[in-house]
Each structure stands twice: as C-alpha cells, then as structure tokens.
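Next come the chains, spelled out residue by residue.
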Amino acid sequence: MTMYDTIQEMIDKFHMKAESDAKVREKLQGVTKTINIDLGSENYSMKLENAQIICYKEGMTENADILLTSTPENLQALIEGTLRPMKAYLTKKFTVKGKLEDMMHLKSLF
C-alpha cells in the first residue's frame, strides 16, 4: 500500500480549508511553488498555485522549490498525530529543504 491516497486526502482537506477560510486563500493567493515528497520507496510531486494544489502525481518534479524527505511510516505517524512535527524535525525523521519563505507556506497546507 502506498501513501498516494493518504496524501490525496490531505490535499482534499486543504482545498476544503482554503475554500472556507478567507485568510488561507488571501495568504496563498499569487503563490506558486513546486513540492517534492521523497519517501524513499515512493515519490510524489505537486504544485501549489493560488491556494490550490494541482498536478499531484507520482514521481519527482525537477528543480522543486521544496523537498520533503521521510519514510511512509513517519509521514503516516505525522498525519495521525502520533509523531509531533517538531520531534520529527529534530530527530531527522522528517527533513525539509528549500528557502525559508517557501517552507513557511507548508504551514498552510496542514
């Protein structure tokens, strides 16, 4: 079983949040960023554009603005809340590479 559907569910929740929360829409309006998720055995990419996630697919996009690296198990634990984001980051179970400004946009996605 892959994380594809789980990530799609997160994207769907983000879209609902963006539709119902004017602050989120306003904050992300005009923002375009590419995101790669490297889970070792599986890789995904997507594009954040004007408060919408588009082009979600398996595989990596060349020259992405943000690279998230983890494992399927750690990502699932983050989603379920059994692994706290700060602990995951400090213990290097989850790494994020990109410009600080770009990474700040990730907070809106979760």
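Quick summary incoming for the structure in this document. (Residues numbered from 1 in each chain as written. Predicted model: local features only at pLDDT ≥ 70, side-chain atom pairs only at ≥ 80, totals over all residues. Heavy atoms only, no water.)

### Points about unusual backbone geometry
- We note that N50 has phi near 50 degrees; this positive angle belongs to a residue other than glycine.
- Counting through the fold element by element, N50 comes out in the loop between β2 (43-49) and β3 (52-58).
- The phi dihedral of C55 is positive, around 55 degrees, even though this residue is not glycine.
- One can find C55 in strand β3. (Helix = DSSP H or I, 4+ residues; strand = E, 2+ residues; numbered from the N terminus.)

### Observations regarding the packing of aromatic side chains
- Applying the stated criterion across every chain, the model contains three aromatic pairs.
- Taken together, a centroid distance of 5.9 Å and an interplanar angle of 55 degrees make the contact between Y4 and Y44 tilted. You can see Y4 sitting in helix α1 (residues 4-20) and its partner Y44 sitting in strand β2, a full 40 residues away along the chain.
- What makes Y4 partly exposed here is its relative accessible area of 25%.
- Here a set of aromatic residues connected by ring pairs shows up, and it is made of Y4, Y44 and Y56. (Phe/Tyr/Trp six-rings, centres within 6.5 Å; stacked < 30°, edge-to-face > 60°. Buried < 20%, exposed > 50% of the residue type's maximum accessible area, 1.4 Å probe, protein only.)

### A short note on the side chain of H15
- On the secondary structure map, H15 appears in helix α1.
- For H15, the residues in contact, after removing those within four places along its chain, are A51, Q52 and I53. (Contact = heavy atoms within 4.5 Å.)

### Considerations on the nonpolar core
- Counting 24 residues, the largest nonpolar core has I7, F14, I37, Y44 and M46 as its most contacted members.
- At the level of secondary structure, the elements contributing two or more residues to this core comprise α1, α2 (22-28), β1 (32-38), β2, β3, β4 (66-69) and α3 (72-80).
- I7 has contacts with I37, Y44, M46, Y56 and L75, leaving out every residue within four places of it along the chain. (Core = buried A, V, L, I, M, F, W, Y, C linked by side-chain atoms within 4.5 Å.)

### Digging into the pattern of salt bridges
- Tallying each qualifying case throughout the model produces one salt bridge.
- Between K47 and E49 there is a salt bridge, with the nearest N and O atoms lying 3.4 Å from each other.
- Judged by relative accessible area, K47 falls into the partly exposed class, the value being 26%.
- A relative accessible area of 28% means that E49 is categorised as partly exposed. (Salt bridge = Lys/Arg side-chain N within 4 Å of Asp/Glu carboxyl O.)

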